[in-house]
Amino acid sequence: MRAAGIATRKAALEILYRVDHEGAYADVLLGNRLPEFEPSDRRLLTLMVLGTLAWRGRLDFEIERLASRPLAKIDPVVLEILRLGLFQLRHLDRVPKHAAVDTAVTIANSERRTRDASGFINAVLRKATRQSAPDFTIANDDTGSLALQYSHPRWMAERFIASFGRADAEALMAANNEAAPTAIRLNLARAPREEILARIKNDGLEVIGEGRFPETLILRGSPHLESESFRDGLFHVQSEASQLIARMLAPTPGAIVVDCSAAPGGKATHLAELVGARGRVIALDLNLAGLRSTRRVARRLHHANIFCARADIANAIPIRLVSFDYVLLDAPCTGTGTLREHPEIRWRLRPGDPARLATLQLAMLRNAAALVRRGGAIVYSVCSLMPDEGTDVVAKFLAEHPQYGIDNDGTLLTRPDRDGLDGFFAARIVRR
């Protein structure tokens, strides 16, 4: 195995450990490490990290049987090595079985903490090469079998079945384990579309498709964030479903828009482009680090029409009420619509989290909607597929506030299994 192959797997192991034991986020850590590697190794590193996290439920089920001991009895670093090795054996056809085993043992021998466990790791993984994956069916438990088969917590599988029916829930969970397409939003305020397209192709980015809007392109693999076109602010990495939200608000050129939960800046900068240089975006957020990120993104994209302020929208509004035609509230949520990019979410969430966040979301919606003048509109959105956070929040708000109503055809629900997009719920609500 070449040195880069060992380095890639060591980086994957480090990221997996920090995600599982330090509460870090895989996409952030990957973004920090990917520039160290060549494009092919970047793809492999991303696939190993996100795939191992996504399939952790099934991997752990099989490891317990291969090791003949409970997971709690296995050292955490050793367990991460086993997960990474078994993922390669079961899900990466292009990685030779002997290479998956040998690199796992090599990595174990290179660390003092795991050196004594290298023989155990070798035995477990070699046993996996000699036998097929186990049956993931649980007797007399269809829901449990479905959750295990597609590596989701049981409670989440139950919610998806209740919301969408068994067949759609199965399709959704299968799609959650697939790689998400890489979408970028072209900054048409900087240059015409064809000029940006030529620049990014010259930087080595491979365009494989177009999105639903002129500013959307789909790339192969991860974009080079150190590329000249990225540094010059010609594009921003943003999922296509996320891009739909600013388009749904549909502000007119020159308008003033309030983004009530603006961090980390993707939707705020999209709105800044839509309203143009004569328009304004007031970007509010409680998270100071998130506001700093919004400022950085705005500077890179050369948007001088974004004004940031720290505010807790759930408790108070720092600007004049009933004063704006356009308001966006992309509320904090469980993120269950983004499990392709953030597979660790499924293992961190608890059954009570959707209802807990719905209380916060309703409070934020009440305050954010108070900014809207008569005839104006607010878009409420969440990257969640839990009804608690979507339709239920909107229904409760409208029941309390009869002066507001859903705009014509003013709701959106996207799903990765249905249209290839992240799972987003959004409603365009107008003040009559």
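Residues numbered from 1 in each chain as written. Predicted model: local features only at pLDDT ≥ 70, side-chain atom pairs only at ≥ 80, totals over all residues. Heavy atoms only, no water.

Caption draft 1: Broad picture of the packing of helix H5 (residues 76-91) against helix H6 (residues 97-110). Interaxial distance between H5 and H6 falls to 9 Å at its minimum, and their mutual angle equals 170 degrees. In terms of orientation, H5 lies roughly antiparallel with respect to H6. Like other packed secondary-structure pairs, H5 and H6 cross with a definite hand, here right-handed. Here H5 contributes Ile81, Gly85, Gln88 and Leu89 to the contact with H6, which in turn contributes Lys97, Ala100, Ala104, Ile107 and Ala108. (Axes fitted to C-alpha atoms, helices over the stretch in contact; angles between N-to-C directions. Helix = DSSP H or I, 4+ residues; strand = E, 2+ residues; numbered from the N terminus. Parallel < 35°, antiparallel > 145°, perpendicular 65-115°, else oblique. Left-handed = near helix turned anticlockwise from the far one by under 90°. Contact = heavy atoms within 4.5 Å.)

Caption draft 2: Structural detail: the pattern of salt bridges. Overall, the coordinates contain 30 salt bridges when judged by the stated rule. Asp141 is paired through a salt bridge with Arg154; the nearest N and O atoms lie 2.7 Å apart. With a gap of 13 residues between them, Asp141 in the loop between helix H7 (118-130) and helix H8 (142-149) and Arg154 in helix H9 (residues 154-164) connect regions that are remote in the sequence. Arg199 is paired through a salt bridge with Asp232; the nearest N and O atoms lie 2.7 Å apart. Pair noted here: Arg199 is in helix H11 (residues 193-202) and Asp232 is in the loop between helix H12 (228-231) and strand S4 (235-237), with a separation of 33 residues, a long-range link. Owing to a relative accessible area of 26%, Asp232 belongs among the partly exposed residues under this scheme. One salt-bridge network, held together by shared partners, links Asp20, Arg56, Asp60, Glu80 and Arg83. (Salt bridge = Lys/Arg side-chain N within 4 Å of Asp/Glu carboxyl O. Buried < 20%, exposed > 50% of the residue type's maximum accessible area, 1.4 Å probe, protein only.)

Caption draft 3: Main features of empty space enclosed by the protein. In the structure shown here, the tally under the stated rule is two cavities of 30 Å³ or more. Volume-wise, the largest cavity comes out at about 60 Å³. As for the largest cavity, its lining consists of Arg9, Leu13, Ile81, Leu84, Gly85, Gln88, Ala100, Thr103, Ala104 and Ile107. Of all the elements in the fold, those that place two or more residues in the lining of the largest cavity are helix H1 (3-22), H5 and H6. Split by residue class, the lining of the largest cavity holds six nonpolar, three polar and one charged. Taken as a whole, the second largest cavity holds about 40 Å³ of empty space. Arg58, Leu59, Glu62, Arg90, His91, Ala133 and Phe136 together form the lining of the second largest cavity. (1 Å grid on protein atoms, 1.4 Å probe; cavity = no way out; pocket = protein on both sides within 12 Å on 5 of 7 lines; lining within 4 Å. Points joined across faces, edges and corners; volume = space filled by probe spheres on them. Nonpolar A, V, L, I, M, F, W, Y, C, P; charged D, E, K, R; others polar.)

Caption draft 4: The arrangement of the environment of Ile306 in detail. By the element assignment, Ile306 lies in strand S7 (residues 306-310). The spacing of Ile306 and Val258 is 48 residues in sequence and 9.9 Å in space, taken between C-alpha atoms. Not counting residues within four places of it along the chain, the set of residues in contact with Ile306 comprises Ala268, Thr269, Ala272, Val281, Ala283 and Ala298.

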